[in-house]
Amino acid sequence: MNKEIHALEIDHVSKTYRNRTLLGKTSAVKIIDDVSFAIPQGKTLGLVGESGSGKSTVTRLALRQEKPTDGSVRFFGTDIWRCDKERVRDFRRSVRMVFQDPYSSLDPRMKVRAILSEPLIVAGMDDKDEIERRLRRTMTKVGLASDYLERFPREFSGGQRQRIAIARSLILSPRLLVLDEPVSSLDVSVRGRILNLLKDYQRTNNTAYLFISHDMASIGFLSDCIAVMYFGSIVEIGSADDVLQNFRHPYTEMLIHSSVAASLSDRDAEPPAELPSHLNPPAGCAFYGRCAYRKDVCSHTPPRPAEIGDGHFVSCHFAEALAAVRGKETIRRDGEPEYAL
Amino acid sequence: MNRLLWVEDLSGHIDTPKGRLHILNGVSFCVHENECFGIIGESGSGKTMTALSVLRYAERLGFQIDAGAIVFEGEDVLGFNKRRLLHYNGGRVAVIPQDPMTSLDPLFTAESQLVETLRTHKKLTVKQAKAQAYAIAEKMRIAPEKLKCYPFQLSGGMLQRIVGAAAIACHPKMIIADEPTTALDVTVQLQYLKLLRDIQDEYGAAIVFISHDMHAVSMICDRIAVMYAGRIVECASKNGLLRNPRHPYTRALIRSANLSGEVRGKYDTIDGVPPDPLAKPVGCSFADRCPHSMPRCFAETPPKTTRDDHEVCCWACQKDESKT
Ligand SMILES: Nc1ncnc2c1ncn2[C@@H]1O[C@H](COP(=O)(O)OP(=O)(O)OP(=O)(O)O)[C@@H](O)[C@H]1O
Ligand SMILES: Nc1ncnc2c1ncn2[C@@H]1O[C@H](COP(=O)(O)OP(=O)(O)OP(=O)(O)O)[C@@H](O)[C@H]1O
Ligand SMILES: [Mg+2]
Ligand SMILES: [Mg+2]
């Protein structure tokens, strides 16, 4: 067994939503299908995947906002759905979240000062000067002037709001921080500052991060492990180096290759996509419709995850073959960027 | 090429209990028919506020215009009355807002909202509108069943695309897209950008593309403007700006954008913070973060100089030029 302490373990978790349609029928859609991963204390798992693949749903399951239909979620070894109230309260105190949408996650009636000091007061801090010092220090860290403390959330630009949400999540040292696209609304310079801040913060506080982003550069910068999601399942997971440089799933390949300034005309070569549907899930591999390497077997047999290296799992019938096709090709690290279309 | 939108020396402020915030300090640019015009710049530099001013939404947020002009197809936008405005907004000019939920109603399904938008701006039967809604959703790579969902049942990227679909569906003359791709993974983003470009070709719409994402901007824009502290500090063709950036802020921006890909270790950032909008700007607002600043930069606002259609507001660049 692994001796590392796991801050968060997602163990064979599935989630099915049942919705009543207008006609009174219920439809069941399986959004998360048998997802497993673990994040050691003080480490970061980067979660990437196509829009709508279920990343935000995974965060809701990890934070105990929704109950998994199957499987278990453990926080430092405790199953958060099978434990006493005291443990649940402890869990709530130890986890923080930065939401994908910076607009609806801040209470519009509260000034920034109140938004940031609330968690400190709830935690029992009553020294006014100490609170003030903490607030100012945190604001500077995220690159905002301290007189912004007197403003309401609506008076900020999108990126400024996101930084307030990040400041709020860091002000009480959490043991697990879930970040859902925290940097996508930030310009590169501020993004760099926030990513550096998150990295330093993790080093000093030993916080575990579940970090969601579609920006492969930020993912590579912050993650120790990377999981790639497609249509509700993890299709590839492994150490950051394995996934970024020795990726074996065709979708990972697509993500990594299009993250370098690619030309639009090149993209035309992608096969016309057939959208997988939740109401009528594909019998075989969900990526079949977009895959450049597909064979007959992919259309009727879903691939199972196979370990191809130490802790590196891939769900693809042709993971081995793919490595041979691609040879030694890895992410491009240098060279002139090309802008021409 | 014909000028479609022309913004000249637009300045404006918001009054708060703490004092006056100088948010736009002389924004000038023009957008030609059929072109894709990009605006990039630091968070809080006034990109959204510029877009909202062009749409005449900004005044509802307490934004007051002090000076300047906005001209669309030869008409004075700031002088429009209510009736003209109704025709202008959503009809001739459509916006894809930064926050998708501002334009979606949580109580209605995506389908009914798309159909509603289509029917308000075009004379269509419900059946026709539905057919169009599904056609455009397919182009956006949204599965048909997702149109039957309420906003809370959709992912962040789907919401963003639904809002985009609604704006595009009515074939406006100009689309202002305010960071429309922030919640999309790269593969979907490429398709989205391509769709925007197709629409541009097909219907001859101009696009104002606001973003902080250099990759996205460099993929679809013909010309790019760089905004800093409420001013456009540089504006040029795509290649002119990316290959030959002149303003020190643009250069720093391109450096930290790391366009060639992979980063590990430390991220490149631009030191310092943007100026406080409470202070009335004197001189160049980038001066105290700029490696090339001279005494003059702190005292006088640099005027716009143009060479080969490449506009820049910078004293240091002017000095370099006079030497050569
Ligand atoms: N309450 C719900 N009822 C039904 N379906 C839902 C519900 N919530 C989410 N879904 C569906 O679950 C899928 C995954 O959504 P999720 O928000 O987790 O995606 P995501 O990976 O975060 O995508 P994005 O990158 O676009 O934010 C989507 O297809 C969405 O429509
Ligand atoms: N309602 C408001 N009241 C007071 N100040 C505001 C208001 N709305 C915006 N501001 C301020 O105006 C400035 C410009 O905001 P704007 O939203 O235009 O920035 P932006 O360039 O779009 O940034 P981002 O990339 O973060 O979205 C910011 O400093 C912001 O704090
Ligand atoms: Mg999401
Ligand atoms: Mg904005």
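Residues numbered from 1 in each chain as written. Chains lettered and ligands numbered in written order. Predicted model: local features only at pLDDT ≥ 70, side-chain atom pairs only at ≥ 80, totals over all residues. Heavy atoms only, no water.

J.: I would appreciate a short explanation of the sheet that holds strand β8 (residues 208–212) of chain A in the present structure.
T.: Two strands in a sheet stick together by hydrogen bonds in their backbones, pointing the same way (parallel) or opposite ways (antiparallel). Residue and element names in this part refer to chain A. Spatial ordering of the open sheet is given by β6-β7-β8-β3-β9-β10-β12-β11, a layout of 8 strands whose pairing is mixed. The sheet terminates laterally at β6 (95–98) and β11 (306–309), the two strands that pair on one side only. Direction aside, neighbouring strands of the sheet carry axes that sit 20° apart on average. For strand β10 (residues 233–239) and strand β12 (residues 312–314), the ladder comprises 2 bridges, and the chain directions are antiparallel. Within the sheet, the bridge partner assigned to Ile237 lies in β12 and is Phe313. Its contacts with the sheet place helix α6 (residues 188–205) against β3 (44–49), β7 (176–180) and β8, and it is angled at close to 155° to β8. (Pairing = 2+ DSSP bridges. Helix = DSSP H or I, 4+ residues; strand = E, 2+ residues; numbered from the N terminus. Axes fitted to C-alpha atoms, helices over the stretch in contact; angles between N-to-C directions. Contact = heavy atoms within 4.5 Å.)

J.: How should the site of ligand 2 be read in this particular structure?
T.: In the vicinity of ligand 2, 22 residues are found, and the nearest of them are Ser157 and Gly159 of chain A together with Ser43, Gly44 and Thr48 of chain B. Near ligand 2, the surrounding residues are drawn from chains A and B. Gln160 of chain A has a polar side-chain atom sitting 2.8 Å from an oxygen atom of ligand 2. Between ligand 2 and Ser43 of chain B there is a distance of 2.8 Å, counted from an oxygen atom to a side-chain nitrogen or oxygen. In isolation ligand 2 has 650 Å² of accessible area, and contact with the protein removes 95% of it. Put simply, the parts of the chain that give the shell around ligand 2 at least two residues each are α5 (158–170) of chain A together with β2 (19–32) and α1 (47–54) of chain B. Across the shell around ligand 2, the residue classes break down as 6 nonpolar, 10 polar and 6 charged. (Near = heavy atom within 4 Å. Polar contact = N/O pair within 3.5 Å; in protein donor to acceptor, adjacent residues only side chain to side chain. Areas by Shrake-Rupley, 256 points an atom, 1.4 Å probe, with all protein chains shown as cover. Nonpolar A, V, L, I, M, F, W, Y, C, P; charged D, E, K, R; others polar.)

J.: What exactly am I supposed to notice about the site of ligand 1 here?
T.: Lining the immediate environment of ligand 1, one finds 24 residues, of which Lys55, Ser56 and Thr57 of chain A together with Gln153 and Gly157 of chain B sit closest. Around ligand 1 the close residues trace back to chains A and B. Within the contact set of ligand 1, an oxygen atom lies 3.3 Å away from a backbone nitrogen or oxygen of Ser53 of chain A. One nitrogen or oxygen atom from the main chain of Lys55 of chain A is found 2.7 Å from an oxygen atom belonging to ligand 1. Secondary-structure elements contributing two or more residues to the shell around ligand 1 are β1 (6–20) and α1 (55–62) of chain A together with α5 (156–169) of chain B. Considering every element that reaches the shell around ligand 1, the biggest residue donor is α1 of chain A, with 4 residues.

J.: What's the story with the sheet that holds β1 of chain A in this structure? I'm lost.
T.: All names here are of chain A. Pairing is antiparallel in the open sheet, where 4 strands are placed in the order β2-β1-β4-β5. Edge strands, defined here as strands with exactly one partner in the open sheet, are β2 (26–40) and β5 (78–79). Bridge analysis of β1 against strand β4 (residues 70–75) gives 5 bridges, and the strand direction is antiparallel. Residue Glu9 lies in a different strand from β4, and its bridge partner there is Arg74. In the packing of α1 onto the sheet, contacts are made with β1, β2 and β4, and the angle to β1 comes to roughly 115°.

J.: Hey, could you run me through the coordination of the magnesium ion (ligand 3) in this one?
T.: Octahedral six-donor coordination of a metal ideally yields angles of 90 or 180 degrees, compared with 109.5 degrees for tetrahedral four-donor coordination. The coordination sphere of the magnesium ion (ligand 3), as far as protein atoms go, consists of Ser56 of chain A (OG) and Gln100 of chain A (OE1), spread over 2.0 to 2.3 Å. In this pair, Ser56 of chain A is assigned in helix α1 and Gln100 of chain A in the loop between β6 and α3 (112–122), connecting sequence segments 44 residues apart. (Donors = N, O, S within 2.8 Å, 3.2 Å for Na, K, Ca; no water.)

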